Structures are given as structure tokens and as C-alpha cells.
Amino acid sequence: MLAPEFITSDWFNADNAAKLADYRGKVVVVEVFQMLCPGCILHGIPLAQKIQRMFPADQVAVLGLHSVFEHHAAMTPVSLNAFLQEFQVTFPVAVDAAGEGHMPQTMEAYQLRGTPSLLIIDQKGELQAHHLGQVSELQIGAEIATLIASGRNALQADAISETASGCESGRCTV
């Protein structure tokens, strides 16, 4: 099942509003955060920045989702822009659209319970992992590497099946 598209009100560090579909073929790592969340500042954002630096951009995309469910008046777009500059966040960051209650729309669509949350979406656009709180760098690295490798294996299998389309009586011809 495809991961839900983000429902956003604004984007930072991006030329235009991105869609998850724009990233098909890549592993997508989404750091869901609030700029006044200590766990986000100490763990979530630094982890997302390390992932962005460590993995090739043609294989892994890192996105941020600023999902405000408390202190709404303090977390304005102007404040977020200053935060992103201060913490040198360079990956695209979406602002989760406000919901009916206190829960933002994308946060609700993913049934997130808080921040920091880290989502990993595979090359086909399917949600593969959802972590809440501090996560081991080793664990996340292994999860991402496994998805990259499985994506390569799927491409190789597709190429083999296309090449072997002339198989008859146990013999395959090109």
C-alpha cells in the first residue's frame, strides 16, 4: 500500500511543493519534527542530516515534515525558516497542514503519536518503517541499506526476466 501523500501548507528548501510520487525509485526518509521538541533538536534533525550526508542522493532522499500539534503560536513559518537556517537544515521541509483539532493532517494520515518520528518509504512508495523517539543510527542505516539492496535485486530480476523471455523447453534465448 502506498504511503499517503503529504498534506502541506508550505515548503522550505524546495523550489516547489514536492510529492512523494516525485521520489519513486529512491528510498525516502522523512523526519517528522517540531522545532520546539528537545528530542527533535538533539536526535531527530541531526540523524536526518547524517543520513543526507552518508547516502547517495540518487538512492536516498531525506525530507522533513514540521508537524505542529502544540505551541502553535510560537511555531510560525518565519520561526521555522530561522530554525532551519540556524541548524543548517538543507533538505526539503514541508509544513504539515493544520487539521480540524490539534492534530495536523499528515500526522493524522500516518497515525503518528508524536515527535520525533522517522518514516522510511521504499522505492515503490510503500511505508516500510515508522520509529518514534530516538533511534539507533546503526538500525536506521541497516534498514536503509537493506531497502537499497532489495531495490537493486528487484531491478536485476526484472532485467533477467525481460532477457529470458524466449525460454522454451528449459532453454532460454535472447
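The following refers to the structure shown. Just so it is clear, the model here is predicted, and its values are computed rather than measured.

Here we come to helix H1 (residues 38-54). Over its 17 residues, H1 runs 24 Å from end to end, which matches the ideal 24 Å to within 8%, given 1.5 Å per residue. Helix geometry: H1 is bent most strongly at Gly-44, by close to 30°, with proline Pro-46 lying one to four residues after it. Of the residues making up H1, those classed as buried are Cys-40, Gly-44, Ile-45, Leu-47, Ala-48, Gln-49 and Ile-51.

The next subject is empty space enclosed by the protein. Tallied over the full model, the rule gives 1 cavity of 30 Å³ or more. Approximately 50 Å³ is the volume attributed to the largest cavity. Around the largest cavity sit Glu-31, His-43, Gly-44, Leu-47, Pro-116, Ser-117, Leu-118, Gly-133, Gln-134 and Val-135, which together line it. Elements represented by at least two residues in the lining of the largest cavity include exactly H1 and strand E5 (117-121). When residues in the lining of the largest cavity are grouped by element, the largest group, 3 residues, is from H1. The class makeup of the residues in the lining of the largest cavity is 4 nonpolar, 5 polar and 1 charged.

With that settled, the discussion passes to the nonpolar core. Inside soluble globular proteins, nonpolar side chains tend to come together where they are buried. Grouped together as the largest cluster of nonpolar side chains are 29 residues, with contacts concentrated most on Ile-51, Leu-80 and Ile-144. Elements supplying a minimum of two residues to this core: strand E2 (27-33), H1, strand E3 (60-66), helix H2 (77-86), strand E4 (93-96), E5 and helix H4 (137-163). Examining the composition of this core, we find that 5 residues originate from one element, H1, more than from any other. Contacts of Leu-80, omitting those with residues within four sequence positions, involve Phe-12, Phe-33, Met-35, His-66, Val-93 and Val-95. Counting residues in hydrophobic clusters, the runner-up holds 18 residues, among them Phe-6, Leu-63, Leu-65 and Met-107.

This part covers the packing of aromatic side chains. In this structure the tally under the stated criterion is 3 aromatic pairs. Between Phe-33 and Phe-83, the ring centres sit 6.0 Å apart and the planes meet at 25°, which makes this aromatic pair stacked. Of this pair, Phe-33 sits in strand E2 while Phe-83 sits in helix H2; the two residues are 50 residues apart in sequence, bridging distant segments of the chain. The residues Phe-33 and Phe-83 share a single accessibility class, namely buried. Summarising the aromatic geometry, the rings of Phe-83 and Phe-87 are spaced 4.6 Å apart at their centres and angled 40° between planes, so their arrangement reads as tilted. A relative accessible area of 8% places Phe-83 in the buried class.

Calculation notes
- Residues numbered from 1 in each chain as written.
- Predicted model: local features only at pLDDT ≥ 70, side-chain atom pairs only at ≥ 80, totals over all residues.
- Heavy atoms only, no water.
- Helix = DSSP H or I, 4+ residues; strand = E, 2+ residues; numbered from the N terminus.
- Expected span 1.5 Å × (residues − 1).
- Bend = angle between axes of the 7 residues up to and from the residue.
- Buried < 20%, exposed > 50% of the residue type's maximum accessible area, 1.4 Å probe, protein only.
- 1 Å grid on protein atoms, 1.4 Å probe; cavity = no way out; pocket = protein on both sides within 12 Å on 5 of 7 lines; lining within 4 Å.
- Points joined across faces, edges and corners; volume = space filled by probe spheres on them.
- Nonpolar A, V, L, I, M, F, W, Y, C, P; charged D, E, K, R; others polar.
- Core = buried A, V, L, I, M, F, W, Y, C linked by side-chain atoms within 4.5 Å.
- Contact = heavy atoms within 4.5 Å.
- Phe/Tyr/Trp six-rings, centres within 6.5 Å; stacked < 30°, edge-to-face > 60°.

What is shown is where atoms sit, not what they do.
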